[in-house]
Amino acid sequence: MVETKKADDIKTDEVQDKKRAALQYCNYASKYASENDGKEWKYMIIPHEEVQFNRDFNYFVSRYLEE
C-alpha cells in the first residue's frame, strides 16, 4: 500500500493515526493472504514532493518502506 502526503502533514496526529491503521490493515491482509496463497502486504507513506519522474519504485522502497 502506497500513500502520498504533504511533507508537512506526515507527522500530524491524524496522518500518524491513519498510518497505524494502514499498517494494521496490511498485517491483517498479509495474514489472510498467507493462508490463501497470496502475497504479503506492506506500507509506505511518501512525501508528495519526493514523487518525481526520475525516481522508480525501488527508490521509494529503499527509503520509505515500513517494516
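Preceding this section is the structure that the text describes.
Residues numbered from 1 in each chain as written. Predicted model: local features only at pLDDT ≥ 70, side-chain atom pairs only at ≥ 80, totals over all residues. Heavy atoms only, no water.

**Observations concerning the packing of aromatic side chains**
No. 1: Applying the stated criterion across every chain, the model contains two aromatic pairs.
No. 2: An angle of 75 degrees between the planes, with centres 5.5 Å apart, marks the rings of Y25 and W41 as edge-to-face. Residue Y25 is found in helix α1 (residues 13-35), and its partner W41 is found in the loop between α1 and β2 (43-47); the two are separated by 16 residues along the sequence.
No. 3: According to the relative accessible area criterion, Y25 is partly exposed, its value standing at 45%.
No. 4: Measuring from ring centre to ring centre gives 5.3 Å for Y59 and F60, while their planes differ by 80 degrees; the resulting arrangement is edge-to-face.
No. 5: Judged by relative accessible area, which is 9%, F60 ranks as buried. (Phe/Tyr/Trp six-rings, centres within 6.5 Å; stacked < 30°, edge-to-face > 60°. Helix = DSSP H or I, 4+ residues; strand = E, 2+ residues; numbered from the N terminus. Buried < 20%, exposed > 50% of the residue type's maximum accessible area, 1.4 Å probe, protein only.)

**Observations regarding α1**
No. 1: Under the 1.5 Å per step criterion, the end-to-end length of α1 is 33 Å for 23 residues, consistent within 8% with the ideal 33 Å.
No. 2: Among the structural elements, β1 (2-5), β2 and β3 (65-66) are those in contact with the buried residues of α1.
No. 3: The first or second residue beyond α1 is D37, which carries a positive phi of 60 degrees. (Expected span 1.5 Å × (residues − 1). Contact = heavy atoms within 4.5 Å.)

**Notes on the pairing of β1**
No. 1: Two strands pair when backbone bridges link them, and β1 and β2 are joined in this way by four bridges, in the parallel orientation. Of the residues in β2, the one forming a bridge with E3 is I45.
No. 2: Taken together, β1, α1 and β2 constitute a β-α-β crossover, and its handedness is right-handed. (Pairing = 2+ DSSP bridges. Right-handed = clockwise from strand over helix to strand, strands pointing away.)

**Digging into the nonpolar core**
No. 1: If you look at the biggest cluster of nonpolar residues, it comprises six residues: I10, V15, A22, C26, Y43 and I45.
No. 2: A per-element tally of this core places α1 first, with three residues. (Core = buried A, V, L, I, M, F, W, Y, C linked by side-chain atoms within 4.5 Å.)

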